[in-house]
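This is what each chain is made of:
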Amino acid sequence: MAEDSNRDALAGPGALWEALRALLPPTKEELRLDLGASVEGSVVVLLQQAADLFYGGRRSECLQTSEAVLDYSWEKLNTGLWQDVDKDWRRVYAFGCLLKAMCLCEAPGDSATVAAALRACDMGLLMGAAIFDDILIKVAAVLQAHLLPGKRPAQGPAPEQPRFKKARNGHVSIPDMRSEKAVPRLHCPSLQHFRKHYLIPQTPVILEGVADHWPCMKKWSLEYIQEIAGCRTVPVEVGSRYTDEEWSQRLMTVSEFISCYILNESLTSEAGNAACLRGPEPSLLARRRGAFGGAVHPHVWWARTPTRCAQSASVLCSSSAAPGSPPPAQGSVKL
């Protein structure tokens, strides 16, 4: 009920702008990033100019300046190894995304404009770093509340995205699946039984029924997922296996993922998996979980494979990141 009231309050363009403006500091002096020496002085000046333009009411000029900030910082984020990218450049990118989202929403616009602002926030969350007490999360929540399901723009085909990484070629051995070596299955064992017979002796076992009480087991459907998270941008792994020549990652909305890889299976031979939120800041995973009702454990993948019918599947995974994890896998939507 409270969520419905919040959406009703944000139904009008003027109310949306007021809600967004309330999230920013009252003065431009407070909208400053404390950046290190890795960021050139000219970029620092550009950030100051963008803030001055925003607080001076010159939003169209501010939008152009923020786009320039995004273009330059994007090159910095995609030069060299991700683990070597200075965090200050990620903060600069997040700052540009924040100003772009705010400027897009000042004047009354259609749902496509609000969706573009939300995408800017998601890109800042995926590629940037936390700024101003995680303000991008708060802005994204306001924008998502404004985009009622009936007001969201129609989903077209997913835009072609640059391929961020490819797996190395190599021989993949076929596992020995003889019945005498099959992993046993166990339905809801007690902790004592599991510890004694499997944990201590380090014996593999498949546990069944242990997640039946999760809310997602009752709530998840394509309609529910599209309503809750359809407008959010996530990284999607494209390909059946990491070892495939054409395996890659792309950015698209959850609705585009469902449309391309679940509902229209006859139109594509690729398999697509919505990537788990993993990377240098695994804590971001828990922060973004709140936007989707906390229906599942925060460390999950939502996947579709070509060998199964369209369905939602949750898989526990580690929140720790391997060194050099690529940037697109740092953020995703939890449902």
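Thresholds, definitions, all that
Residues numbered from 1 in each chain as written. Predicted model: local features only at pLDDT ≥ 70, side-chain atom pairs only at ≥ 80, totals over all residues. Heavy atoms only, no water. Helix = DSSP H or I, 4+ residues; strand = E, 2+ residues; numbered from the N terminus. Buried < 20%, exposed > 50% of the residue type's maximum accessible area, 1.4 Å probe, protein only. Areas by Shrake-Rupley, 256 points an atom, 1.4 Å probe, with all protein chains shown as cover. pLDDT = per-residue confidence, 0-100. Contact = heavy atoms within 4.5 Å. Salt bridge = Lys/Arg side-chain N within 4 Å of Asp/Glu carboxyl O. Pairing = 2+ DSSP bridges. Phe/Tyr/Trp six-rings, centres within 6.5 Å; stacked < 30°, edge-to-face > 60°. Lys NZ or Arg CZ within 6 Å of the ring centre and 35° of its normal. Expected span 1.5 Å × (residues − 1). Disulfide = S-S within 2.5 Å. Axes fitted to C-alpha atoms, helices over the stretch in contact; angles between N-to-C directions. Parallel < 35°, antiparallel > 145°, perpendicular 65-115°, else oblique. Left-handed = near helix turned anticlockwise from the far one by under 90°. Nonpolar A, V, L, I, M, F, W, Y, C, P; charged D, E, K, R; others polar. Core = buried A, V, L, I, M, F, W, Y, C linked by side-chain atoms within 4.5 Å.

Novice: Sorry if this is basic, but what is going on with the overall build of the protein here?
Specialist: Of the regular secondary structure elements, the protein holds 12 helices and seven strands. In the protein, which comprises 335 residues, the share counted as buried stands at 41%. Total accessible area computed for the protein in this model is approximately 17300 Å², and 54% of it derives from carbon and sulfur atoms.

Novice: What exactly am I supposed to notice about the confidence of the model for the protein here?
Specialist: Of all residues in the protein, 64% have pLDDT values of 70 or greater, and the mean over the chain is 74. Contacts from residues 1–11, a stretch scored under 50 in pLDDT, to residues over four places away or in other chains number 13 contacts. Predicted confidence is poor over residues 158–168, with pLDDT under 50, and the contacts of this stretch with residues over four places away or in other chains come to 30 contacts.

Novice: For this particular structure, what's the right way to read the pattern of salt bridges?
Specialist: Two side chains that carry opposite charge are able to pair once their charged atoms sit near each other. Taken as a whole and assessed by the stated rule, the structure comprises 10 salt bridges. Asp122 is paired through a salt bridge with Arg232; the nearest N and O atoms lie 2.6 Å apart. Placement of the pair is Asp122 in helix H6 (residues 111–127) and Arg232 in the loop between helix H10 (222–229) and strand E3 (233–238), with a sequence separation of 110 residues. Considered together, Asp122 and Arg232 belong to a single accessibility category, that of buried residues. Connected through salt bridges with shared partners, the residues Lys28, Arg32 and Asp52 form a single ionic network.

Novice: Even after reading the chapter, I still don't get the pairing of strand E4 (residues 248–253), so can you show me in this structure?
Specialist: Looking along a regular strand, one sees the side chains alternate between the two faces of the sheet. Counted residue by residue, E4 has six buried out of six residues, so it is predominantly covered. Residues Ser248, Arg250 and Met252 of E4 are buried on one face, and the alternating residues Gln249, Leu251 and Thr253, pointing to the opposite face, are buried as well. Bridge count for E3 against E4 is six bridges, and the pairing is antiparallel. Counted as the bridge partner of Val236 is Arg250 from E4.

Novice: When you look at the packing of aromatic side chains in this model, what are you seeing that I'm missing?
Specialist: Describing an aromatic ring pair means giving the distance of the ring centres and the angle of the ring planes. As enumerated under the stated definition, the model contains seven aromatic pairs in all. Ring geometry for Phe257 versus Tyr261: centroids 6.0 Å apart, planes at 40°, classification tilted. Highlighted residues: Phe257 and Tyr261, both in helix H11 (residues 254–263), separated by four residues, approximately one helical turn. The class of Phe257 is buried, set by a relative accessible area of 1%. Directly above the ring of Phe54 sits Arg59, whose terminal nitrogen or CZ lies 4.4 Å from the centroid.

Novice: When you look at the side chain of Arg91 in this model, what are you seeing that I'm missing?
Specialist: Inspection of the secondary structure assignment puts Arg91 in helix H5 (residues 87–104). The residues touching Arg91, leaving out its near neighbours within four places in the chain, are Leu33, Asp34, Leu35, Ala129, Ala130 and Ile131.

Novice: I keep staring at helix H7 (residues 135–146) and nothing clicks. Help me out?
Specialist: Because each turn of an α-helix spans 3.6 residues, side chains separated by three or four positions in sequence point in the same direction. For H7, which comprises 12 residues, the first-to-last C-alpha distance of 17 Å matches the rise-based estimate of 16 Å (1.5 Å per residue) to within 8%. Three or more residues of H7 are buried, namely Ile135, Leu136, Val139, Ala140, Val142, Leu143, Gln144, Ala145 and His146.

Novice: Before we go on, may I ask you to explain H11 in this structure?
Specialist: Most of H11 sits inside the fold, with seven of its 10 residues counted as buried. Among the residues of H11, Val254, Ser255, Glu256, Phe257, Ile258, Tyr261 and Ile262 are the ones counted as buried.

Novice: In this structure, what is going on with the state of the cysteines? I would like to understand it.
Specialist: A covalent bond between the sulfur atoms of two cysteines is what we call a disulfide. Enumeration over the complete set of coordinates arrives at zero disulfides. Left without a disulfide partner, Cys105 is nearest to the cysteine sulfur of Cys121, which lies 7.8 Å away. Classification of Cys105 as buried rests on a relative accessible area of 3%.

Novice: So what exactly am I meant to see when it comes to the packing of helix H4 (residues 59–77) against H5 here?
Specialist: A pair of packed helices is characterised by two quantities: the angle between their axes and the separation of those axes. Close contact between H4 and H5 brings their axes to 8 Å; oriented N to C, the two are set at 150°. In terms of orientation, H4 lies roughly antiparallel with respect to H5. Relative to H5, the crossing made by H4 is left-handed. Across the interface between the two elements, Arg59, Cys62, Leu63, Ser66, Glu67, Val69, Leu70, Tyr72, Ser73, Trp74, Lys76 and Leu77 of H4 pack against Trp89, Arg90, Val92, Tyr93, Gly96, Cys97, Leu99, Lys100, Cys103 and Leu104 of H5. Here the contact of H4 with H5 is composed, by residue class, of 14 nonpolar, three polar and five charged.

Novice: How should I be thinking about the pairing of E3 in this particular structure?
Specialist: Of all six residues in E3, six are buried, a share of seventy percent or more. Alternating positions in E3 separate into two faces, Thr233, Pro235 and Glu237 on one and Val234, Val236 and Val238 on the other, with burial throughout.

Novice: What am I meant to see in unusual backbone geometry here?
Specialist: Residues apart from glycine generally show negative phi values, whereas peptide bonds are mostly found in trans. A positive phi angle is found at Asp133, which is not glycine, with a value near 55°. Among the secondary structure elements, Asp133 is positioned in the loop between H6 and H7. Look at Asp133 and you get exposed, because its relative accessible area is 60%. One non-glycine residue with positive phi stands out, namely Cys188, at about 45°. Along the chain, the position of Cys188 falls in the loop between strand E1 (185–187) and helix H8 (191–199).

Novice: I keep staring at the nonpolar core and nothing clicks. Help me out?
Specialist: Inside soluble globular proteins, nonpolar side chains tend to come together where they are buried. Core analysis: the largest hydrophobic core is formed by 52 residues, its most contacted members being Leu20, Phe54, Val92, Leu98 and Leu143. Elements represented by at least two residues in this core include exactly helix H2 (13–21), helix H3 (41–55), H4, H5, H6 and H7. Per-element accounting of this core gives the leading share, 11 residues, to H5. Excluding its chain neighbours within four sequence positions, the residues that come into contact with Leu143 are Leu16, Leu20, Cys105, Val114, Ala117, Leu118 and Cys121. With 17 residues, the next largest nonpolar core counts Val234, Val238, Met252 and Phe257 among its residues.

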